[in-house]
Each structure stands twice: as structure tokens, then as C-alpha cells.
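# Commentary on secondary and tertiary structure
What follows is each chain in one-letter form.
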Amino acid sequence: MRKNKEIYSITGNFVTVKENQIWHDYGTLYIKNGVIYAMETADMPLSEDTACIRNQCCRSIRLSDNDIIYPGLIDLHTHYQYNMFPIWKRPQKTAWDNRFEWRNHPEYQKTIPSLEKKVSENWNRMLPSGKNTMGDLFLFFSELQAVAGGTTVLQVPSASPLSREQQAPPYCYSFAENTWSHLLIRSTGNADDLGITIGSDDQILSIIDFFTPQPREKITNVTPHISTENLQVQSNEKYQDFLCNLQNPPKNYTAYLAHVAEGRCGNLRPDNLGMDAYTSKEFEQLKFDIEKYLGNPKNSLPENLHFGIIHGCGINLAKKEHYDFIKNSGIGLIWSPVSNLLLYDDTPAFYENITEEEITLSIGSDWSPSGSKYVWNEAKFAYKYLESHNPSMHNIMSDVFKMMTVNPAKTLGSEKIGCIKPGAFADFFILRKPDLNCDHTIMQRDISEACLTPLFRGTDVQTRLVIVGGQIIYGDECYFQQFDIPYQKLPSDEYNTYNKVVYIPEELQIDLEKDTEALDRILAQNGMIRSKFLAANDLEYREQIVTLRRKFIKELQLDILPSADHTTLRLRAKNALIHTKNARKVKPGENLTSYFLGSQTLHIDKVIAETENTLLLTFRIVPSAGDCILLREGKLRTITEKSNPYALVFTFSTIWSEW
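## Quick word on the overall build of the chain
Scanning the chain for helices and strands turns up 17 helices and 27 strands. Across the chain, contacts joining residues at least 24 apart in sequence account for 71% of those joining residues at least 6 apart. Carbon together with sulfur atoms contributes 47% to the accessible area of the chain, which is approximately 26500 Å² in total.

Structure, rendered in C-alpha cells:
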């Protein structure tokens, strides 16, 4: 996958961050050699030097007023080789205390690492579509899943620059001419992908761990809650390499993204166990060593050394010494709340304790077995979580948007990604506004956030285009045809994809339909169902996330699922229509705050039918809330009963695509 060298333009609404504020405008972006060469808006006319680019455009895309261009999203935390596996159900009710407990659990070993090995062994015997290896397909599946959610920069394994004597492998689709590390989108392990020039001895490292517990045998007892007070922190060679770079700062550029202190943080747990002792020790060891090598607690990391801590549950920003250390050193934090809550029933209070944006906070999706499908979904969850836990705080939506655009770019030290401006890479996530039918009544905490509402309320069914380096990678079929780009359709079992297609370089020799079917057969033999590319199609994933939101987001949630004949709205009675504050089932006549409508309320009109698992209801909307409905998606529609102008009966012919 090489950057597109032709000159073309995109005209439409766009949203980005400018001078740390959300900027929404309408205009034309001119793309040349994979970069935003110029921008033309009412307030930013083309200069004489750049006006000639209009005449050089060989093609143009003019979007509708319902489409919005966002910067390509950046995901600083994932594990690509596992993202085809479905979300893993924790085999016990008791939450874990640290990452080594579940990693050593027999059920995890059987479900994830052993299954990966079985899939690879079977695949190497089958090779359904030709010559591609399982490693190629693992990476491709992970990137396709990410790109369907608007991701254009993904954390993947590190890649060192090739020497001049070496040649890139035939499946090299890097944006750089001399490196490889990904197939479709940009890599955090590739400096050229980030627009950074580095020397032959410099590197970008995406590291799983710096530390392991010692003695290791103590952690093999995976039944929580075991005491970790006597476990010591043992570092590895990668950590020693990191410390060497502190002592002898790199001449050009070096970056690290490392798992540190992942586990119970003592923020949400009702068991009063506090922070896991070993998890705390990892961070304290890191803090001690960095301060030792920097020589002064107020010193920052060397100018060319960039460092992001993944998870960091052993960090308590409410402690002044922790806060000052992270702020003064310039370390970025990468927060994965979904993974934290699924595994530990806990997640750090980073956002609540950061003042005046003194610390750079990003979000990462982690991986499919215990995280979000992609960073966009992680952001939507993070927004609702933070809003429910911090109702008095403003600009949460804007801040979460920064966590997947400009903040991770800052952590990596790149000015070319996560933004829309002249000179930046032409990486875009273009989204169709969801058909909410109630935009005029949406209550915004800040009027500037209105342009972000489609991003935080839309689903991957509304993805129109994902463009990386000016090259159309994924989206609606019509744009591929307009630009004469070869494509393949998503597998037929992804029934919500409509006309979504993806560019697959011919050299990769992937037949998406056949290879997906082959993978499905291998997984089925091991009692597993593949993770779907689109969240809208992944019922198991959606159900887990709904359960998580119900547990940790302090508001009523209407869990909408299709009926057996796909014709009637069904609401789960026992699980969904529960007030979280008093844990009782709602009754007819009550006013409810809708999950989808924020501050607006609904009124249950009557119960049509009630079974053990299901309520069929009609609602009256409180007149002061306007005539809004829950949400309209695809062919979903409402029918107003003549007998009661406020009673709504919902019918639909396609599966619900939000949860």
C-alpha cells in the first residue's frame, strides 16, 4: 500500500483540533502525494501560490451535508494477532488483581494462546487462497477491523529500518520505501509512517512488558485474591535498553509504548482491597529509576525520547508525587477502560485528576478478547463512563476526541497525524450522520461539541470512507469505482455492511470471502466464533459491552435487541429496564432517562406483553422533551398511534446497530 500521488480534492464538513479547540468548518481539502497540500474555506481562501492546485485536480469528492470528515483515529494499544478471536468471557465472577493472574489461568491458556497455535497449524496446511501465511492474515484481519472503525494509525509490532542491501518482502505495503510493518494502515512502529525522520540506530518500540513478578511460581495460583506483597519486580532487557537511553539520550528519535502496572487500582472496587501491591510496585520501580537517571524529579525525558505507559493502573494521579512525576517527565498515559473493567472491575481515575491538560492522556482499544473492537468504540464507552462519573465536568466529549487524535500524536512526537491541516497526512475518517431525527433538541454541554455528536452516537454502519495517505482504503463501493480502485466486499456473513468494501493489494493474495470461511471452519472445530469486523454485526461483543455499561455507567440503559421475527422492538426486562441507583425494575407510568437521548425523558405508556426475559412497551415522550424518538437506524422507523399522539410503536427490519 503506497501513498496516493495523484492530486484530488475533497469538499465537505470537517472537524479537527486547532489551537487546542475543536474546529468545525466547511471547505475543500486538496490532496497531493498523500498529504494535505492546501485547504480552502470561507475564512481561509487559497493563496496565489496554491490556487493553481485547483486546475491540477484530476478527481474530486463532494460529500453531502450529512457527511463529516474527521482526522484518522490513532490507536496506541492493541495486540493484532488476537483480534480475530471473540470477546473472552471472564471464567469467574471475582475480578482479577493483576495481569499475571488471568494470563496464567487455564481457561485463558486454552482459549487464547493455545487456540492461536491451533489456528496457525491448521492454516499452514490449508492455505485456502494461495500463498499468504497465517501471520499475514492475522495482521490483515486486525487492520481491517480497525479501519472499519476509522483507525488510520495502529499499534503493531516494531519494525527496524531495512538496510540498503535488504529488500522488503512481497507483502510490503508500507508508506515508506524502505520499511515494513503493516498491510493497510500506518504503524506506530514505523517512523516514516509518523512523518518522523530517524537514524539507522534509532527505533520505535511497541513493547508488551518491561517487568515480570519474581518469583514467577507465586503467581501461578490464579484464584483472586492472592497476596502480592512479597512479589518482587524483575525487569527485562527492553527495560534496561530504555534506561540506557535515559543515561545516553538518543541523537534523533526513540519511542517506547510499554505495558506497566496493569491490574487493580483501587478506584472502583467495593471490596476495599485498594491497589494491588505488585501493580503498585511496578510503577514505583519505574518512577524510582527514571528519577534516578534524570537526576532531578523536575527534569523531563530527553527531547528525542518519547514514552507512553499503557494501562498504568499503579498510578494514582490524586497523589501529588505521582502527578508531578508524570507531568514533569512528559510521559504520556494510554488508558483502556473497557479492558480494565472487564478484567479487574476497576480503572484509574486519570481524566478526573488531570488539570489544565498538563498530562497527555490517550485511549487504546487493547484487544478483541477483553477490550473494544477499535479505538472509536473505546472512545464512545469512555465518554459515557466519564460523563456518568463526572456529571459536573464540561467538555468531556471534546477531551475524549483529543484522546484518539492529537493526544496520541503528541505522545508519539508526530505533527503529521491526528489532525487536518496543510502539511499533515491525508488520513481521514468520513462518517455519515446517524438519522437521529432529533438533532434540534439534543442537549449539549458545550455548543462546540455539536459537530462531535455524530462520532459519539454513530456506528460503523455509517462509515463512508477511510482514507490513509490519500489512498481510499475502506468504505462505500461507489468511491472505489469513481477512483478505479480494486476492492473486495466484506464477507457475506457481515450482514450490516451494505455496500462496504476494502482495498486489498493483489500481491497479498487474500480472498476475503474464502479466507474468512476457512478461518471460520477452523475456529468452529475448536468451539469458537470469529470476531466480526463490524461491531454492528458482533452480537456477542455488543452484549458484553452492554453488560459492562449497565454495571459501571450510572444511568438507565435501554438494551434494544431484535425479536425472533425481526419485526418488533424488544426490551430485556430483567437486564435492561433497571434503575441502577435502587436496582428495581421500572413500572408503567414512570419517567425514564434514555441512554440514547441524554437528558431527555420517556414515559412508559403501557406494557403490551411481559415474559421472564422480555417487555414489549409503548412510550410517551414527555412533551417538554420534544418529539424525539430513541434512535433511528437504517430501516428502523416509528409509527404514531392515532389514539395517543405520544405513544410510539417501534418496528424494524434490520438488526439494531447500537448498544
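Back to the text.
## What about the pattern of salt bridges?
Side chains that carry opposite charge are capable of pairing whenever their charged atoms lie near each other. Counted under the stated rule, the structure contains 24 salt bridges. Measuring nitrogen to oxygen at the nearest pair gives 2.4 Å for the salt bridge that ties R464 to D476. Of the two residues, R464 sits in strand β17 (residues 463-468) while D476 sits in strand β18 (residues 471-476), which places them twelve residues apart along the sequence. Like R464, the residue D476 is buried in the burial classification. Sharing partners across several salt bridges, the network here consists of D67, R432, R464, D476 and K500.

## Focus on the confidence of the model for the chain
For the chain, the mean per-residue pLDDT works out to 77, and 74% of the residues sit at or above 70. Confidence over residues 436-446 falls short of pLDDT 50; this stretch has 23 contacts with residues more than four positions distant or in other chains.

## Points about the environment of G72
Checked against the element boundaries, G72 lands in the loop between β5 (67-71) and β6 (73-75). Note on G72: relative accessible area 2%, which makes it buried. Along the backbone, G72 and F429 are 357 residues apart, and their C-alpha atoms lie at a distance of 5.0 Å.

## Here we look at the nonpolar core
The nonpolar side chains of soluble globular proteins are, as a tendency, buried together. Judged by nonpolar contacts, the single largest core of 147 residues is most densely connected at F242, F307 and F428. Residue contributions to this core peak at ten residues, all from helix α5 (residues 134-148). One finds I74, A191, I310 and F425 within the second-largest nonpolar core, a separate group that totals 16 residues.

## A few points about the side chain of D25
Position of D25 relative to the elements: it lies in strand β2 (residues 21-32). Lacking a salt bridge, the buried D25 has K18 as its closest oppositely charged neighbour, with an N-O distance of 7.1 Å. Residues contacting D25, with those up to four places away along its chain left out, are G12, N13, F14 and T41.

## Quick look at the side chain of K373
Looking at the secondary structure, you find K373 in the loop between β15 (361-363) and α11 (375-389). A residue is classified by how much of its surface remains accessible, and K373, at 5% relative accessible area, is buried. A distance of 2.8 Å separates the side chain of K373 from the side chain of D538, its partner in a polar contact. Among residues more than four places away in sequence, those in contact with K373 are Q145, S531, K532, F533, L534, A535, D538 and Y541.

## So, α5
Compared with the 21 Å implied by 1.5 Å per residue over 15 residues, the 21 Å span of α5 between its first and last C-alpha is a close match. Among the 15 residues of α5, 14 are classified as buried, and the element is accordingly described as predominantly covered. Once α5 finishes, G150 follows within two positions and takes phi at roughly 85°, a positive value.

## Concerning the environment of R54
In this structure, R54 sits in helix α1 (residues 53-56). Judged by relative accessible area, which is 41%, R54 ranks as partly exposed. Separated by 26 residues in sequence, R54 and T28 have C-alpha atoms that sit 10.0 Å apart. In contact with R54, not counting residues within four places along its chain, are Y30, E40 and L46.

## Re the pairing of strand β16 (residues 428-432)
Counting buried residues in β16 gives four out of five residues, a clear majority hidden from the surface. When β5 meets β16, the two strands line up antiparallel, connected through five bridges. If you follow Y70 over to β16, its bridge partner there is F429. The sheet contact formed by β16 and β17 spans four bridges and is antiparallel. Residue pairing in the sheet places I430 in a bridge with L465 of β17.

How each quantity is defined
Residues numbered from 1 in each chain as written. Predicted model: local features only at pLDDT ≥ 70, side-chain atom pairs only at ≥ 80, totals over all residues. Heavy atoms only, no water. Helix = DSSP H or I, 4+ residues; strand = E, 2+ residues; numbered from the N terminus. Contact = heavy atoms within 4.5 Å. Areas by Shrake-Rupley, 256 points an atom, 1.4 Å probe, with all protein chains shown as cover. Salt bridge = Lys/Arg side-chain N within 4 Å of Asp/Glu carboxyl O. Buried < 20%, exposed > 50% of the residue type's maximum accessible area, 1.4 Å probe, protein only. pLDDT = per-residue confidence, 0-100. Core = buried A, V, L, I, M, F, W, Y, C linked by side-chain atoms within 4.5 Å. Lys, Arg positive; Asp, Glu negative; His and termini not counted. Polar contact = N/O pair within 3.5 Å; in protein donor to acceptor, adjacent residues only side chain to side chain. Expected span 1.5 Å × (residues − 1). Pairing = 2+ DSSP bridges.

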